Amino acid sequence: MMKHAVRIVQSRILQRLRLGVQLDTDVNASVVVPATRWCSKRMYSEEAHASSTHLDRGNVVARVLNAVKTHQKVDPTKVTESASFQELGLDSLDTVELVMAIEEEFAVEIPDAEADKISSCSQAIEYIAAHPCAK
């Protein structure tokens, strides 16, 4: 019984650290702690750089440019990889809406501090291409 309690405490700690944990059930216990499915698993040095979860850059470029082209206030003929949102006639509110559309397209959440730095197609492409959780 004590061994099982220790395993539960260990699993809770590992869950808090966002590491996947799966406890086996035994005859005396009916508790199974499911593995967490957090994308923000902590990575250290080589593991972070060796991760191949990033999307293909060509795919990112096409999808970001498509998201920009489909924005209601953008002239699709003016959209290029190097175009700034200001050149496309977008104000700050439009830029926020566009960043939200990009978040939805790639199933990521961009923190406000990072979203404020995205003011062009190329910056959006670079951010998404470098994001390990982008889908």
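Residues numbered from 1 in each chain as written. Predicted model: local features only at pLDDT ≥ 70, side-chain atom pairs only at ≥ 80, totals over all residues. Heavy atoms only, no water.

Under an unreviewed UniProt entry, the name given to the protein is Acyl carrier protein, and the organism recorded is Sphagnum jensenii. Recorded in UniProt for the protein, the comment headed Sequence similarities (unreviewed entry) runs: "Belongs to the acyl carrier protein (ACP) family." (UniProt positions renumbered as here; feature names shortened; annotations may be inferred.)

1. Observations concerning the overall build of the protein
On a plain count of helices and strands, the protein comes out with six helices and zero strands. In sequence order, the protein lays out its α and β elements as α-α-α-α-α-α. The buried share of the protein, reckoned over its 135 residues, is 33%. In the protein, once contacts between residues fewer than 6 apart in sequence are set aside, the share between residues at least 24 apart is 43%. (Helix = DSSP H or I, 4+ residues; strand = E, 2+ residues; numbered from the N terminus. Buried < 20%, exposed > 50% of the residue type's maximum accessible area, 1.4 Å probe, protein only. Contact = heavy atoms within 4.5 Å.)

2. Looking at the nonpolar core
Grouped together as the largest cluster of nonpolar side chains are 27 residues, with contacts concentrated most on V68, L88 and I128. Listed by contribution, the elements that provide at least two residues to this core are α3 (57-69), α4 (92-106) and α6 (121-130). Not counting residues within four places of it along the chain, the set of residues in contact with V68 comprises V74, V79, F85, L88, L98 and C121. (Core = buried A, V, L, I, M, F, W, Y, C linked by side-chain atoms within 4.5 Å.)

3. Remarks on the pattern of salt bridges
Taken as a whole and judged by the stated rule, the model has five salt bridges. The salt bridge involving E105 is made with R63; its shortest N-O contact spans 2.8 Å. Highlighted residues: E105 in helix α4 and R63 in helix α3, separated in sequence by 42 residues. A relative accessible area of 18% means that R63 is categorised as buried. The salt bridge partner of E114 is K117, with a shortest N-O separation of 3.6 Å. What makes E114 partly exposed here is its relative accessible area of 29%. (Salt bridge = Lys/Arg side-chain N within 4 Å of Asp/Glu carboxyl O.)

4. Focus on the layout of surface pockets
Over the atoms rolls a probe the size of a water molecule, and in doing so it shows where empty space is left. Approximately 210 Å³ is the volume attributed to the largest pocket. For the largest pocket, the full set of lining residues is S92, T95, V96, V99, M100, E103, I110, D112, A115, D116, I118 and S119. Considering each element in turn, the lining of the largest pocket owes the most residues, six residues, to α4. Split into classes, the residues belonging to the lining of the largest pocket amount to six nonpolar, three polar and three charged. (1 Å grid on protein atoms, 1.4 Å probe; cavity = no way out; pocket = protein on both sides within 12 Å on 5 of 7 lines; lining within 4 Å. Points joined across faces, edges and corners; volume = space filled by probe spheres on them. Nonpolar A, V, L, I, M, F, W, Y, C, P; charged D, E, K, R; others polar.)

5. Looking at the side chain of D94
Within the secondary structure layout, D94 lies in helix α4. On the basis of relative accessible area, D94 is assigned to the buried category, the value being 3%.

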